[in-house]
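These are the residues of each chain, in order.
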Amino acid sequence: MSAVDRDATAAVAPSVSDNGEPLATNSHDHHHHGDTPERGYGPWILVAGLAVALLLRDRVGWLSDTDVRLWSTLFVSVCIQALPFLVLGVVVSGLIAAFVSPEFVQRIVPKRAFLAVPSAGLAGMALPGCECGSVPIAGRLVAAGTPQAAALTFLLAAPAINPVVLVSTAVAFPNDRELVLARFVASFLTAIAVGTWWARRTNTSLLDSVGHLHKHREGKWERFVDVASRDLVHAGGYLVVGAMAAATLQLVVPRSVLTSVADSEVLSVLMFAALAVVLSICSEADAFVAAGLPQFSLTSRLVFLVVGPVIDLKLVAMHAGIFGRRFAIVFAPVTLAVAVISAVIVGQVIL
Amino acid sequence: MLVLGAVIARLLRSGGFGMFVQQHMQYPLMAAAVVLLIFGGYEAIAGVREERRDAASVKRSTGPTIGWLLMLPLLVLVAVAPTALGAAAADRVDAYTPTQTNSSYSPLDTSKGPVEMRVFEFLDRALWDDTRTLEGAAVRLEGLVVNDPDVPDGFKLTRFMVSCCAADGIPLQVSVHAPSVALPDDTWVVADIVWRPPDQPYHSPGGPSSVEADAVSVVEVPDAPNDPYESPY
């Protein structure tokens, strides 16, 4: 990790040690009791951080180093790019928390997993965002009483098969229209398969504590703003962690190492799966990156397009934040494996 | 959150967002900034009100500690002054080769001097236009200088193609032969160039790996254009 974040983290760190809260915790109740005194310290930390940053600027030589500046460009751009989608996501999640009662969810969601999971997948088509927005939404869906498997299916399907993503894929691959179909099918299958897997798990306690909210405000609109801003701050914090990791790895692992494996189909499939995880590119943009690597087979690039929206570094960080670390540890490898297998099979059939 | 919204709004007004994300992202960003400002304002007012009501028992938190990491990008912005993608980034990624998209190309009107063109269109015409509309025509491109040992008597005129944010940037490059020009990396130039047709077809084994051109004139531009990246749309 670059030294930039080390310094900047140091500026933020007092808030962590002062109130004795661990940095990464998934125990929501802990926060929602309102027992954290950060509110009082927060503005001062910000001011102090800005002051430190200003002092560092122009004085510390390595801060103007090319690589550091490139790192910061990548890091900030991933954050900025994700922000609108994150905001859209938390607005929806706030609306769910405020206006959707568990009783209502139980009425409209089919009881049986084999119906609930595919319909959740299809519902994912309706959200024109990318992956950052769907994480808080899925969290609130679980909290609102949606079957966990259905919420997870939605989590995986929404960023991959919505109209915006499919259109941008079609624009990026004007001569390979079947790739759009293949992406749709493979992503949908991935979401369904993971959802079904979760539905069949007997131990679902991993998600039990998700999004447990204590009402401390009356009124639906107040609750809406409350939940939306809390989700934004929460998911946004983890997004920043993921963006740092992605920017660092983008710099450390040059994309040109790719060229060395272009000849082997197996290697390039694995390589593209790893690349999708590392680059953490928004699902609306990944098609253009894949289109920019024409020396590889369509199937291996399909793997890139199917893996990216369901699992990557910034998503793992966000899952850990919203659903808990133990969940993320189980969920990430399974999703990755299912996505790769599904993309390879669909690639063989359609492409 | 107020701060975040305000910073985004400021980036939008100053056009500084252009180095991070594609132009069309400004509208979603604008909406996001408005929502952030509303939320932030609401939280601030509600917070003050509740503090007044009783400071002891009703303490609210704006959220988990991890949320303060949201301030990190702002601190980095202040401390490091990120730059737009340039030569350093171009070194790390293979240049983009457009795939065939058009079946016919409109003829170029060279009567009014050099034809202004996006780098993408230049590459596209050079690589795929069988009617060779590019041949002999002076074309005006704007891009960055990237010095490269492959082009000893010139430079690679480079423009990044960014579809969403800088992290997905891919360089578009034309090898410009300009023996009299020696400019440092990352200089913005407006170059009038003429395509140099390859000896062998581009898509044959042993064919050239880059699109080449001869410079007619290369003029340095003091500032990067407002939109430093090309969009694939």
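Note that this is a predicted model, so its numbers are computed, not measured. (Residues numbered from 1 in each chain as written. Chains lettered and ligands numbered in written order. Predicted model: local features only at pLDDT ≥ 70, side-chain atom pairs only at ≥ 80, totals over all residues. Heavy atoms only, no water.)

**Student:** Explain the overall build of chain B to me, please; I cannot follow it from the model alone.
**Tutor:** If you tally the helices and strands in chain B, you get five helices and six strands. N-terminal to C-terminal, the α/β element order of chain B is α-α-α-α-β-α-β-β-β-β-β. Buried positions account for 52% of the 233 residues belonging to chain B. In chain B, the proportion of contacts linking residues at least 24 apart, taken out of those at least 6 apart, comes to 68%. Entry remark: accessible area of chain B is about 10,400 Å², with carbon and sulfur atoms responsible for 55%. (Helix = DSSP H or I, 4+ residues; strand = E, 2+ residues; numbered from the N terminus. Buried < 20%, exposed > 50% of the residue type's maximum accessible area, 1.4 Å probe, protein only. Contact = heavy atoms within 4.5 Å. Areas by Shrake-Rupley, 256 points an atom, 1.4 Å probe, with all protein chains shown as cover.)

**Student:** Hey, could you run me through the packing of helix 8 (residues 131–143) of chain A against helix 16 (residues 313–323) of chain A in this one?
**Tutor:** Packed helix pairs are characterised by how far apart their axes lie and by the angle those axes make with each other. Residues and elements named next belong to chain A. Contact geometry of helix 8 with helix 16 gives a least axis separation of 10 Å together with a crossing angle of 15 degrees. For the element pair helix 8 / helix 16, the angle class is roughly parallel. When you trace helix 8 past helix 16, the crossing you get is right-handed. Where helix 8 approaches helix 16, its residues Glu131, Cys132, Val135, Ala138 and Gly139 are matched on the opposing element by Lys314, Leu315, Met318, His319, Ile322 and Phe323. For the contact of helix 8 with helix 16, the class distribution of residues is seven nonpolar, two polar and two charged. (Axes fitted to C-alpha atoms, helices over the stretch in contact; angles between N-to-C directions. Parallel < 35°, antiparallel > 145°, perpendicular 65-115°, else oblique. Left-handed = near helix turned anticlockwise from the far one by under 90°. Nonpolar A, V, L, I, M, F, W, Y, C, P; charged D, E, K, R; others polar.)

**Student:** Would you take a moment to explain the side chain of Ser210 of chain B for this structure?
**Tutor:** Residues and elements named next belong to chain B. Residue position: Ser210 is located in the loop between strand 5 (188–195) and strand 6 (212–220). Residue class for Ser210 comes out buried when judged on its relative accessible area of 18%. Engagement of the side chain of Ser210 in a polar contact is seen with the side chain of Glu212, the distance being 3.2 Å. Apart from the residues within four sequence positions on either side, Ser210 is in contact with Ser175 and Tyr202. (Polar contact = N/O pair within 3.5 Å; in protein donor to acceptor, adjacent residues only side chain to side chain.)

**Student:** Just checking my understanding: could you explain the pairing of strand 3 (residues 154–161) of chain B for this structure?
**Tutor:** The side chains of a regular strand alternate, residue by residue, between the two faces of the sheet. Residue and element names in this part refer to chain B. For strand 3, a buried count of eight out of eight residues is recorded, marking the element as mostly surrounded by other parts of the structure. Sheet analysis places strand 2 (residues 138–146) next to strand 3, joined by three bridges and oriented antiparallel. Its bridge partner being in strand 3, Val145 is matched across the sheet by Leu157. Direction of pairing for strand 3 relative to strand 4 (residues 170–177): antiparallel, over a ladder of eight bridges. Residue pairing in the sheet places Gly154 in a bridge with His177 of strand 4. (Pairing = 2+ DSSP bridges.)

**Student:** Got a minute to help me understand the pattern of salt bridges in this structure?
**Tutor:** If the charged atoms of two oppositely charged side chains come close together, the side chains can form a pair. Evaluated as defined, the whole model comprises nine salt bridges over all chains. Here Lys314 of chain A ties to Asp312 of chain A by a salt bridge, and the two come within 3.5 Å at their closest N and O atoms. Across this residue pair, the class does not change: Lys314 of chain A and Asp312 of chain A are buried. When the shortest N-O distance is used, the salt bridge between Asp109 of chain B and Lys112 of chain B registers 3.5 Å. (Salt bridge = Lys/Arg side-chain N within 4 Å of Asp/Glu carboxyl O.)

**Student:** Explain the confidence of the model for chain A here, please?
**Tutor:** Detailed reading of the predicted coordinates is not advisable wherever pLDDT is low. For chain A, the mean per-residue pLDDT works out to 75, and 72% of the residues sit at or above 70. Note on residues 1–40 of chain A: pLDDT is under 50 here. Beyond four places in sequence and across chains, it has 79 contacts. (pLDDT = per-residue confidence, 0-100.)

**Student:** How do you make sense of the packing of aromatic side chains when you look at a structure like this?
**Tutor:** Each aromatic ring pair is characterised by the separation of its centres together with the angle its planes make. All names here are of chain A. Evaluation of the coordinates by the stated rule reveals nine aromatic pairs over all chains. Here the aromatic rings of Phe272 and Phe304 are separated by 5.8 Å at their centres, their planes lie at 75 degrees, and the arrangement is edge-to-face. One end of the pair, Phe272, is in helix 13 (residues 265–279); the other, Phe304, is in helix 15 (residues 298–310), with 32 residues separating them in the sequence. For Phe272, a relative accessible area of 0% translates into the label buried. The interplanar angle of 55 degrees and the centroid separation of 5.0 Å between the aromatic rings of Phe323 and Phe327 together place this pair among those described as tilted. (Phe/Tyr/Trp six-rings, centres within 6.5 Å; stacked < 30°, edge-to-face > 60°.)

**Student:** Would you explain the environment of Val225 of chain A in this entry?
**Tutor:** In this fold, Val225 of chain A is placed in helix 12 (residues 220–252). Separated by 131 residues in the primary sequence, Val225 of chain A and Gly94 of chain A place their C-alpha atoms 6.6 Å from one another. The contact partners of Val225 of chain A, leaving out residues within four places of it in the chain, are Phe39, Tyr42 and Glu43 of chain B.

**Student:** Help me understand the nonpolar core, please; the structure alone is not making it clear to me.
**Tutor:** Nonpolar side chains in soluble globular proteins tend to be buried together. Judged by nonpolar contacts, the single largest core of 154 residues is most densely connected at Phe75, Phe173, Phe304 and Val307 of chain A together with Phe122 and Val174 of chain B. Residues in contact with Phe173 of chain A, not counting those within four places in the same chain, are Leu179, Ala287, Ala290, Ala291, Leu298, Arg301 and Leu305 of chain A. Core analysis: the next-biggest nonpolar cluster, separate from the first, contains 14 residues, Ala120, Leu141, Ala150 and Ala151 of chain A among them. (Core = buried A, V, L, I, M, F, W, Y, C linked by side-chain atoms within 4.5 Å.)

**Student:** Help me understand the packing of helix 8 of chain A against helix 12 of chain A in this model?
**Tutor:** Residues and elements named next belong to chain A. Running from amino to carboxyl end, helix 8 crosses helix 12 at an angle of 130 degrees, the nearest separation of the two axes being 10 Å. Considered as vectors, helix 8 and helix 12 are oriented oblique to each other. For helix 8 against helix 12, the interelement crossing comes out right-handed. Across the interface between the two elements, Cys132, Pro136 and Arg140 from helix 8 touch Val227, Asp231, Ala235 and Leu239 from helix 12.

**Student:** What is the right way to read the confidence of the model for chain B from this model?
**Tutor:** All names here are of chain B. Per-residue pLDDT for chain B averages 80, and the proportion of residues at 70 or more is 88%. Between the elements of chain B, mean pLDDT differs from a low of 71, seen in helix 1 (residues 2–14), to a high of 93, seen in strand 5. Contacts of residues 55–62 to residues separated by more than four positions or lying in other chains number 18 contacts, the stretch itself having pLDDT below 50.

**Student:** Quick question: what am I supposed to make of the pairing of strand 2 of chain B here?
**Tutor:** All names here are of chain B. In this sheet, strand 2 lies alongside strand 1 (residues 115–116) in parallel orientation, the contact comprising two bridges. Bridge pairing in strand 2 links Glu116 to Arg140. For the crossover that starts at strand 1, traverses helix 5 (residues 119–128) and ends in the parallel strand 2, the hand is right-handed. Alignment of strand 2 against strand 5, held across seven bridges, turns out to be antiparallel. Note that in strand 5 the partner of Ala138 across the bridge is Val194. (Right-handed = clockwise from strand over helix to strand, strands pointing away.)

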